[in-house]
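In case you want the letters, here they are:
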Amino acid sequence: MSRPERTAAGPTRAAAAAGTLVMPACHGYPGLADLVRRSHPEAGLRIEVHPGAPGSPAAWADRIRGADSVLHFFDSGALDTEALVAERPRRVVIAGPAAGVVDTAAMRAAGVEVYDTPGLAADTVAEFTLTVMLALAHRLPSAVGAPGDWRSVAGRDLAGRTLGIVGWGRIGARLAWLAQAIGMDVAAWSPSLGEEAARAAGVRRRELDTLLAESEVVSLHLRAVPETRGILDARRLALLRPDVLLVNTARAALLDMAELRRRLRADLLGGAALDVLDVEPLPARDPLAAHPRVLVTPHMAWMTDDAVGRFLAAAAAFGMDNDNRSVRRVT
């Protein structure tokens, strides 16, 4: 297969120096190629970028062939396992989290190192979470209608209310700090959160059931692993106050979504802000789509140019300079 003389962000492989970082599928985010160019002072010279998705395993292999390292943006779809095993680059560097993007077992068996850049959107997701929390409290889903549909609705202040954070990592800790800044009282539960860490952050550690029963706003920030899937089941959803605001920017699998829909229909929840859903995109006829107390967003909590830039900068710095300060080895 012939190659263009110049790719979107750099020279052809024939002109590239040894160790060139190859990006075989540059798509999945607006202006991604430009963000790649800006990710590193030498990106335009040393990263070979192929726009769009390869149409076949053979096309994947052709783009990867001879590469020392493969760079891939996590939201560009899964990497082709067959091509990676056949071509065996030294390493794969994922700009963002690697889960679901690359077959780690196959890479381990093939001797291909896999790295990712986790946690670099934590501040972004925390800001987004506070944004939808405020929107829900001030009833924007009810107030914002069609053009010309002028109506006012009464909301509620969040200052002085209790926020319960379920899951204490970078996002949960950042959200606690932001919520405290607007005057919220913060409680938290996580398997990894101890009393000393809670005190240092100025939050009250609570057992999960107690936290759910006491909180006026509940925000979920756990990973979806076997121990956490369905952690807010029907029994635990029943512990929530009938006026609670429930926010999920983590994973839909944490919730019993059928029970959530039932409780919203029965007016047993004050409202919900959902950036992750059991069916994506959400069908127009789903009861969540038009519910006046539900704010649905299209899995966008992480989506800012700033966060994507951090993912790419960390991946490029590692791929070109072996700067491993912001990467994690996966295999």
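Read on for an overview of the structure. (Residues numbered from 1 in each chain as written. Predicted model: local features only at pLDDT ≥ 70, side-chain atom pairs only at ≥ 80, totals over all residues. Heavy atoms only, no water.)

## Some details on the pattern of salt bridges
Stage number 1. Taken as a whole, this structure holds 23 salt bridges when the rule is applied.
Stage number 2. Note that D321 and R46 form a salt bridge whose closest N and O atoms lie 3.8 Å from each other. Of the two residues, D321 sits in helix α13 (residues 305-321) while R46 sits in helix α2 (residues 43-46), which places them 275 residues apart along the sequence.
Stage number 3. Look at D321 and you get partly exposed, because its relative accessible area is 42%.
Stage number 4. When its relative accessible area of 27% is taken as the criterion, R46 is described as partly exposed.
Stage number 5. For D278, the salt bridge goes to R261, with nearest N and O atoms at 3.0 Å. With a gap of 17 residues between them, D278 in the loop between β11 (271-274) and β12 (294-296) and R261 in helix α12 (residues 257-265) connect regions that are remote in the sequence.
Stage number 6. Judged by its relative accessible area of 43%, D278 is partly exposed.
Stage number 7. A network of salt bridges, in which partner residues are shared, links D34, R37 and R38. (Salt bridge = Lys/Arg side-chain N within 4 Å of Asp/Glu carboxyl O. Helix = DSSP H or I, 4+ residues; strand = E, 2+ residues; numbered from the N terminus. Buried < 20%, exposed > 50% of the residue type's maximum accessible area, 1.4 Å probe, protein only.)

## Remarks on the nonpolar core
Stage number 1. Formed by 76 residues in total, the largest nonpolar core has its most connected members in L32, I47, F73, M133, L163 and W302.
Stage number 2. With 9 residues, α13 is the single largest residue contributor to this core.
Stage number 3. Setting aside residues up to four positions removed in sequence, M133 forms contacts with L158, L163, L175, M184, V217, S219 and V247.
Stage number 4. Counting 28 residues, the second largest nonpolar core, distinct from the first, contains L222, V244, L277 and L288. (Core = buried A, V, L, I, M, F, W, Y, C linked by side-chain atoms within 4.5 Å. Contact = heavy atoms within 4.5 Å.)

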